[in-house]
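Working through the structure, step by step
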Amino acid sequence: MTAPTYVPQRRSDITFPSANSPTIQPHRMHDPAATVAMFGESRWPLHALDPHDLDPPTLHFTDWPEGFREFAKHVAYALINYGHPESLVTERRSNYVEWPTAGSINTAVSALHISIAWLAGEWSALPRHIDTPANHIGDLDSGHLDDLKTWVDQSNLVASSRYQRLEVLVRTWHLNPWLPEDCQWPEPTWRHTQWRPSRKARENKTKRISQETMGPLIEWAVSMVSVFADDILTAHQSYLNSTLGPKRDKNRAVGSPVTAKFHGRPWIDQITVFDVHSHFGRMPPLLNRLRTAAVIVLAYATGARPEEIWEWKHGCAPEPMLTEQGNLIHLIHGTVRKGVASVEGKPRKSVSATWATIKAGADAVHVLECLGKAMGTTGGPLLVGGDGNPITISTASNSIKDFVRFINGRLAPLTEKQDGFFIPEDPDGPLYLGRFRRTLAWFIRNQPNGYITEAVQYQHVSLRVGEGYAGTKESGMPDLLLEADWEHRRSVVENLRHDLQDGGGISGPAANRAIAATLLLPPHLTPAEERRLRKRKEFAIYDNPTALALCVFDEEMALCEKIRRVGGDRGPNLLDCRPDECPNCARTDAQVQAQRCKAGRLRANAVLLPTPIARSMIAKAEQLEAADAKFLATRATIAKAPTDGEGTRS
């Protein structure tokens, strides 16, 4: 074992807590009415740190190994009342603030718990430290932390999770000046080595929701708030006005008729007493699902963070504004507050912000207001439960899961195309609110021609999101959009390279520039290469499925009406694509074949239609075939790329 090494000197001005000391001292108390535990207790609620947190964490120490419980409490106490020491805040490559939030404290203590559980061998799910298991904080030395690093490095965790496990070991060492002598933490001897992953690997890697799952999910959610809501709210009021008994008549239809339709058919067979009856004081099941649909729409169509949505109140969505161009802009007024700012550790004051959204977003707000009134509240937070009190963000995941079960089990079977409206399980796991923002960014950059529903297009959503707070740098949405933009461009170039390597070709005026970009892309991208390549103009290549073409974008040559996107950059307007004219266009062999099939279908359909329409369709087919011939004349492969001609810039 490695001998104990240097530890920072303990501060003489620190008074260590006794069993009856409050876990949160007055200088960190920001909600005098909040419950504060004593140091000797095993459960510490952290609500008093930030009264604005609607879902505050609670620290639990009961399941810690007995020999480490006192140590764990002192670490938590130091983080709560003394914050991060200067040695940590000023450390090179540090991203620590002086006063961590309640959530950050909970995350750090939880990560430390996992490491201690491995060292002590008290969790059957974790392998026991083979050589010298530790039973008490005094048993630890730097050798244990070396073994911990080896265990973490050899795990199958993603880079960000490995960093979190190791980071807390270094952070705890920096806390030694605030810990009693019998709770001192040994120095990680590897802390000066390159144990941190690259910055990119530590970034938020929240998985987007798959297209197959997100498509039907958002269509059902938008339909619930914009089409079905009147039926649901009317049925609930009808039940309240009736004498139907909840137990005896739970499967009996409420007297209110179902008037709304989903793709031409009634959206539900009937609304029953069970659907609109409040069970055990909770919000009635169907109203709860309507509330969940509203949350999904707001999380997806506004670009707002979940904690920002939870701050919205009744009246936050006024009547839409009419612009000079005659467009209606729907606005949502709220507040934003991120992180901790002052040296006293007080939460940052809320700052007013306004989100611009589509009509479905405004509909979702108005639905939540109606649900609040149905539960007896006419003001305050939008998101309330059956008792009229605010609900917490943590309830959202289970509510989304219930919403999907309800759609798949009861509504999708009523549609004509069940498979198309069934919501499949997402391959990357449970659906939670944090995934919707990232998914929206991906769709805006990858499917600008796509639709949220038949009436709402992603490019329209992108423009609206960019007009409000979600379009500002502080919102974080521009960063997500830039990441999604790069993912799209990289995948287009990678797929094109594979096609060309397999003997495929590419045609059109921009064919040579597209091939040149594939030759610049190395087989395996290092983080440094990726940072360099994503900034190069040669990689501004977009797939446009609607036009059956690639856009090898060059702003000076583009014929489309270029758009200024969220984040300030200018990009191609794929809705205004002119593939047969623009020098930025190119087509792969597969896209050329798709064009031919499209022309063939037009000719086949023309035979069945009246002469004037048939002539028009044949003319369109001839236009497509002429464009194909023009493109194929410039066909190139990797072995024989065009050296000059159209699309080559001097």
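Residues numbered from 1 in each chain as written. Predicted model: local features only at pLDDT ≥ 70, side-chain atom pairs only at ≥ 80, totals over all residues. Heavy atoms only, no water.

1. Quick notes on the overall build of the chain
Of regular secondary structure, the chain possesses 20 helices and 15 strands. Scored against the burial criterion, the 650 residues of the chain give a buried share of 51%. Taking contacts inside the chain between residues at least 6 apart in sequence as the whole, the part at least 24 apart equals 66%. Taken as a whole, the chain presents about 31200 Å² of accessible surface, with 51% of it coming from carbon and sulfur. (Helix = DSSP H or I, 4+ residues; strand = E, 2+ residues; numbered from the N terminus. Buried < 20%, exposed > 50% of the residue type's maximum accessible area, 1.4 Å probe, protein only. Contact = heavy atoms within 4.5 Å. Areas by Shrake-Rupley, 256 points an atom, 1.4 Å probe, with all protein chains shown as cover.)

2. Let's talk about a nonpolar patch on the surface
A cluster of nonpolar side chains, contributed by Val 607, Leu 608, Leu 609 and Ile 613, occupies part of the molecular surface with about 420 Å² of accessible area. By the secondary structure assignment, Val 607 is in the loop between helix 19 (589–606) and helix 20 (611–632). (Patch = residues over 30% accessible without salt bridge, like charges linked within 9 Å, V, L, I, M, F, W, Y side chains within 5 Å. Salt bridge = Lys/Arg side-chain N within 4 Å of Asp/Glu carboxyl O.)

3. Things to note about the packing of helix 14 (residues 434–446) against helix 16 (residues 477–501)
Put simply, helix 14 and helix 16 touch, their axes get as near as 8 Å, and they point 50° apart. Relative to helix 16, the element helix 14 is oriented oblique. Remark: the crossing between helix 14 and helix 16 carries right-handed chirality. From helix 14, Arg 437, Arg 438, Leu 440, Ala 441, Trp 442, Ile 444, Arg 445 and Asn 446 reach across to helix 16, where they touch Met 477, Leu 480, Leu 481, Ala 484, Asp 485, Glu 487 and His 488. (Axes fitted to C-alpha atoms, helices over the stretch in contact; angles between N-to-C directions. Parallel < 35°, antiparallel > 145°, perpendicular 65-115°, else oblique. Left-handed = near helix turned anticlockwise from the far one by under 90°.)

4. A word on the packing of helix 4 (residues 142–153) against helix 5 (residues 159–174)
Contact pair helix 4 / helix 5: the axes reach a minimum separation of 9 Å and the direction vectors enclose 170°. Regarding the angle of helix 4 to helix 5, the classification is roughly antiparallel. Between helix 4 and helix 5, the contacting residues are Leu 148, Lys 149, Trp 151, Val 152 and Asp 153 on the first element and Arg 162, Arg 165, Leu 166 and Leu 169 on the second. Grouping the amino acids of the contact of helix 4 with helix 5 by side-chain chemistry returns five nonpolar, no polar and four charged. (Nonpolar A, V, L, I, M, F, W, Y, C, P; charged D, E, K, R; others polar.)

5. A few points about the environment of Pro 65
For Pro 65, the position within the fold is in the loop between strand 2 (58–60) and helix 1 (69–81). Taking the C-alpha atoms as reference points, Pro 65 and Leu 119, separated by 54 residues in sequence, lie 9.9 Å from one another.

6. A few points about helix 3 (residues 102–120)
For helix 3, spanning 19 residues, the distance from its first C-alpha to its last is 27 Å, which sits close to the expected 27 Å at 1.5 Å a residue. Once helix 3 ends, the next one or two residues include Gly 121, with phi positive near 65°. (Expected span 1.5 Å × (residues − 1).)

7. Focus on the sheet that holds strand 12 (residues 549–552)
Spatial strand order, 10-15-12-11: four strands in an open sheet with antiparallel pairing. The open sheet has two edge strands, strand 10 (506–507) and strand 11 (541–544), and neither has a second partner. The pairing of strand 10 with strand 15 (residues 585–588) spans two bridges and is antiparallel. Bridge pairing in strand 15 places Ser 507 opposite Arg 587. Sitting on the sheet, helix 16 is in contact with strand 10, strand 11, strand 12 and strand 15, with an inclination near 80° to strand 11. (Pairing = 2+ DSSP bridges.)

8. Focus: the packing of aromatic side chains
What the rule picks out here adds up to 18 aromatic pairs. When the ring of Trp 355 is compared with that of Tyr 469, the centres are 5.3 Å apart and the planes differ by 70°; the resulting orientation is edge-to-face. In this pair, Trp 355 is assigned in strand 7 (residues 351–357) and Tyr 469 in the loop between helix 15 (458–466) and helix 16, connecting sequence segments 114 residues apart. This pair shows no difference in class: Trp 355 is buried, exactly as Tyr 469 is. Three or more aromatic residues joined by ring pairs form one cluster here, namely Phe 39, Trp 44, Phe 61, Tyr 77, Tyr 82 and Trp 178. The ring of Phe 39 is capped by Lys 73, whose NZ or CZ atom sits 6.0 Å from the centre of that ring. (Phe/Tyr/Trp six-rings, centres within 6.5 Å; stacked < 30°, edge-to-face > 60°. Lys NZ or Arg CZ within 6 Å of the ring centre and 35° of its normal.)

9. Points about the confidence of the model for the chain
For the chain, per-residue confidence averages 83 on the pLDDT scale, and residues scoring 70 or more make up 87% of the total. Confidence drops under a pLDDT of 50 for residues 199–203, and excluding neighbours within four residues, the segment shows twelve contacts in the predicted structure. Scored below 50 in pLDDT, residues 339–343 makes eleven contacts in the model with residues more than four places away or belonging to other chains. (pLDDT = per-residue confidence, 0-100.)

10. So, the pattern of salt bridges
A complete count under the given rule lists 18 salt bridges for this structure. With its nearest N and O atoms 2.8 Å apart, the salt bridge here joins Glu 167 to Arg 171. Here Glu 167 and its partner Arg 171 are both found in helix 5, four residues apart, which amounts to about one turn of the helix. For Asp 589, the salt bridge identified is with Arg 635, shortest N-O distance 2.7 Å.

11. Let's talk about the nonpolar core
Side chains of nonpolar character tend, in soluble globular proteins, to be buried together. Trp 220, Trp 267 and Phe 436 are the most contacted members of the largest nonpolar core, which has 86 residues in total. Those residues in contact with Trp 220 that lie beyond four places of it in its chain are Phe 228, Phe 262, Phe 403, Ile 407, Leu 411, Ala 412, Thr 415, Phe 421 and Ile 423. (Core = buried A, V, L, I, M, F, W, Y, C linked by side-chain atoms within 4.5 Å.)

12. A few points about the pairing of strand 6 (residues 328–336)
The pairing of strand 5 (residues 321–322) with strand 6 spans two bridges and is antiparallel. Looking at the pairing, Leu 322 lines up with Leu 328 of strand 6. Bridging between strand 6 and strand 7 involves seven bridges; their strand directions are antiparallel. Among the inter-strand pairings, Val 336 is bridged to a residue of strand 7, identified as Val 351.

13. Observations concerning the sheet that holds strand 5
Spatial ordering of the open sheet is given by 5-6-7, a layout of three strands whose pairing is antiparallel. The open sheet has two edge strands, strand 5 and strand 7, and neither has a second partner. In the packing of helix 11 (residues 359–374) onto the sheet, the strands contacted are strand 6 and strand 7, and the crossing angle to strand 6 comes to about 55°.

14. Describing unusual backbone geometry
Not every positive phi belongs to a glycine, and His 263 is a case in point at roughly 50°. As for its position among the elements, His 263 is in the loop between strand 3 (261–262) and strand 4 (265–266). Overall, the relative accessible area of 39% leaves His 263 in the partly exposed class. Positive phi, close to 50°, is recorded for Leu 548, a residue that is not glycine. The topology assignment puts Leu 548 in the loop between strand 11 and strand 12.

15. Some thoughts on helix 17 (residues 511–520)
A large share of helix 17 lies buried, amounting to seven of its ten residues. Every buried residue belonging to helix 17 is among Ala 511, Asn 512, Arg 513, Ala 514, Ile 515, Ala 517 and Thr 518, and all of these are buried.

16. Thoughts on the environment of Ala 229
Within the secondary structure, Ala 229 is located in helix 7 (residues 211–241). When the C-alpha positions of Ala 229 and Asp 363 are compared, they lie 9.5 Å apart, and in sequence the two are 134 residues distant. Apart from the residues within four sequence positions on either side, Ala 229 is in contact with Met 224, Leu 290 and Val 367.

17. Observations concerning the pairing of strand 12
Every second residue of strand 12 is oriented toward a common face, with Ala 549 and Cys 551 on one face and Leu 550 and Val 552 on the other, all of them buried. Pairing between strand 11 and strand 12: four bridges, direction antiparallel. Residue pairing across strands places Asp 543 opposite Leu 550, the latter belonging to strand 12. What sits between strand 11 and strand 12 in their antiparallel hairpin is a turn of four residues, with Leu 548 showing a positive phi close to 50°. With two bridges joining them, strand 12 and strand 15 adopt antiparallel strand pairing. By the bridge assignment, Cys 551 is partnered in strand 15 with Cys 585.

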